[in-house]
Amino acid sequence: MLEQHWRSSTPPKVGGIVDVELNELGEIVSVTAVDDAALAKEQAQKALDTASTEGRKYAGMLISKVGVPTLVAVALMALGWLILPTFSIQVSSAYRESISFYEVLKVINNSAGLDSLGNLDALSAGVWGWLMFAALLAPLLPHFHSNKYLPLGYAAPLMLILVVVLQTYISIRDSVSQARDLAGGFGGAKGAAMAERMMSEMMNMALKAVTLGAGFYIAAAVSLYLAFLGIRKFLASSAKV
């Protein structure tokens, strides 16, 4: 009976998946083998459709819970920190290196210098990286908990930027101090003064070699905007109590 209705060029096999066509009376008209590749494609499409539907549902929930302005601001913050260059450094006349804020955190975490710029992928941001991701999530927390102090989390990105700037300044100051002390140990006050002038000149040259990138300006503007929103929300919630 199967031979009468089999319509595929390949012979039937045990356990194979087939497509059965019935007539109005429920009788078998044709039996066709389902191609494995077509079946896998169909299943993948169904899984993709399900994931897309679920993604849209949760995205809609997140938008209604947090709001578009905050989500856009956090997305821009992530773009400015993770992808766009924060600094561009003219290492030599023929070589310029651009690094993101996340890569700056790698340099700070490893106490690395300019010689590490070509090997940043092998470095870890450590606790600084966790602080960065916590700062990105902090503006979302007030929308999921009613604690009146959580709106201050909107200022977390700005606070992290200020801490990184302060840490960078302290590292540079300590390097200059160590060089001055070392020179003073060998050449006395005169040697220390000469070392300080040399370090000052080197610092000026280094600053001239550094230009701020789009990531810096976006992160600075968005962090100030988020801090303003957070302080306003905190003051509003405190006034209601």
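Presented here is a report on the structure given in the accompanying data block. (Residues numbered from 1 in each chain as written. Predicted model: local features only at pLDDT ≥ 70, side-chain atom pairs only at ≥ 80, totals over all residues. Heavy atoms only, no water.)

1. Focus on the overall build of the protein
Point 1. Counting secondary structure elements, the protein contains seven helices and five strands.
Point 2. Burial status across the protein gives 28% buried among its 241 residues.
Point 3. Across the protein, every contact between residues at least 6 apart in sequence was considered, and the portion connecting residues at least 24 apart equals 53%.
Point 4. Carbon and sulfur atoms make up 65% of the accessible area of the protein, which totals about 15,900 Å². (Helix = DSSP H or I, 4+ residues; strand = E, 2+ residues; numbered from the N terminus. Buried < 20%, exposed > 50% of the residue type's maximum accessible area, 1.4 Å probe, protein only. Contact = heavy atoms within 4.5 Å. Areas by Shrake-Rupley, 256 points an atom, 1.4 Å probe, with all protein chains shown as cover.)

2. Notes on the nonpolar core
Buried together is how nonpolar side chains tend to be arranged in soluble globular proteins.
Point 1. Among the nonpolar cores identified, the biggest contains 25 residues, and M77, W81, F101, L105, L160 and V164 are the most heavily contacted of them.
Point 2. Those elements that provide at least two residues to this core are α3 (68-82), α4 (101-109), α5 (126-137), α6 (156-209) and α7 (214-240).
Point 3. At five residues, α4 tops the list of elements feeding residues into this core.
Point 4. What L160 contacts, discounting residues up to four positions off in sequence, is W81, F101, W128, L131, M132 and A135. (Core = buried A, V, L, I, M, F, W, Y, C linked by side-chain atoms within 4.5 Å.)

3. Some details on the packing of aromatic side chains
Point 1. Per the stated rule, a full pass over the model turns up four aromatic pairs.
Point 2. Ring centres of W81 and F101 lie 4.8 Å apart, and the angle between their planes is 20°; this geometry places the pair in the stacked category. Taken together, the residues W81 in helix α3 and F101 in helix α4 connect sequence positions 20 residues apart.
Point 3. In this structure W81 comes out as buried when scored by relative accessible area, which is 1%.
Point 4. For F101, a relative accessible area of 6% corresponds to the buried category.
Point 5. A centroid spacing of 5.5 Å and a plane angle of 85° characterise the contact between F216 and Y217, whose relative ring orientation is edge-to-face.
Point 6. Judged by relative accessible area, F216 falls into the partly exposed class, the value being 29%. (Phe/Tyr/Trp six-rings, centres within 6.5 Å; stacked < 30°, edge-to-face > 60°.)

4. Structural notes on α4
Point 1. The set of residues buried in α4 consists of F101, V104, L105, K106, V107 and I108.
Point 2. Following α4 by one or two positions, S111 adopts a phi angle in the positive range, close to 50°.

5. Side note on a nonpolar patch on the surface
Point 1. A cluster of nonpolar residues, I63, V68, V72 and L76, forms a patch on the protein surface that exposes about 310 Å² of accessible area.
Point 2. Examining the composition of the nonpolar patch, we find that three residues originate from one element, α3, more than from any other.
Point 3. Take L76: it is sitting in helix α3. (Patch = residues over 30% accessible without salt bridge, like charges linked within 9 Å, V, L, I, M, F, W, Y side chains within 5 Å. Salt bridge = Lys/Arg side-chain N within 4 Å of Asp/Glu carboxyl O.)

6. Focus on the packing of α4 against α5
Point 1. For the pair α4 and α5, interaxial distance at closest approach is 7 Å and the crossing angle is 150°. In the packing of α4 onto α5, the handedness of the crossing is right-handed. Between α4, through F101, Y102, L105, I108 and N109, and α5, the contact on the second element is made entirely by G126, V127, W128, G129, M132 and F133.
Point 2. Of the residues contributing to the contact of α4 with α5, the split by class is eight nonpolar, three polar and no charged. (Axes fitted to C-alpha atoms, helices over the stretch in contact; angles between N-to-C directions. Left-handed = near helix turned anticlockwise from the far one by under 90°. Nonpolar A, V, L, I, M, F, W, Y, C, P; charged D, E, K, R; others polar.)

7. Focus: the packing of α3 against α5
Point 1. At their nearest, the axes of α3 and α5 sit 10 Å apart, and the two run at 160° to each other. Taken as axis vectors, α3 and α5 run roughly antiparallel relative to one another. Between α3 and α5 the crossing geometry is right-handed. Residues V74, M77, A78, W81 and L82 of α3 lie in contact with α5, whose contacting residues are M132, F133, A135 and L136.
Point 2. Taken together, the residues of the contact of α3 with α5 sort by class into nine nonpolar, no polar and no charged. (Parallel < 35°, antiparallel > 145°, perpendicular 65-115°, else oblique.)

8. A short note on the environment of G67
Point 1. When you line up the elements, G67 lands in the loop between α2 (36-66) and α3.
Point 2. Given a relative accessible area of 18%, G67 falls into the buried group.
Point 3. Each C-alpha atom of the pair G67 and H143 lies 9.0 Å from the other, and the pair is 76 residues apart in sequence.

9. Quick notes on the side chain of S223
Point 1. Position of S223 among the secondary structure elements: in helix α7.
Point 2. Using a relative accessible area of 1% as the deciding quantity, one classes S223 as buried.
Point 3. At 2.8 Å, the side chain of S223 forms a polar contact with the backbone oxygen of A219. (Polar contact = N/O pair within 3.5 Å; in protein donor to acceptor, adjacent residues only side chain to side chain.)

10. Topic: the side chain of H143
Point 1. Structurally, H143 can be placed in the loop between α5 and α6.
Point 2. Only 2.7 Å separates the side chain of H143 from the side chain of Y154, close enough to count as a polar contact.
Point 3. The contact partners of H143, leaving out residues within four places of it in the chain, are K65, V66, T70 and Y154.

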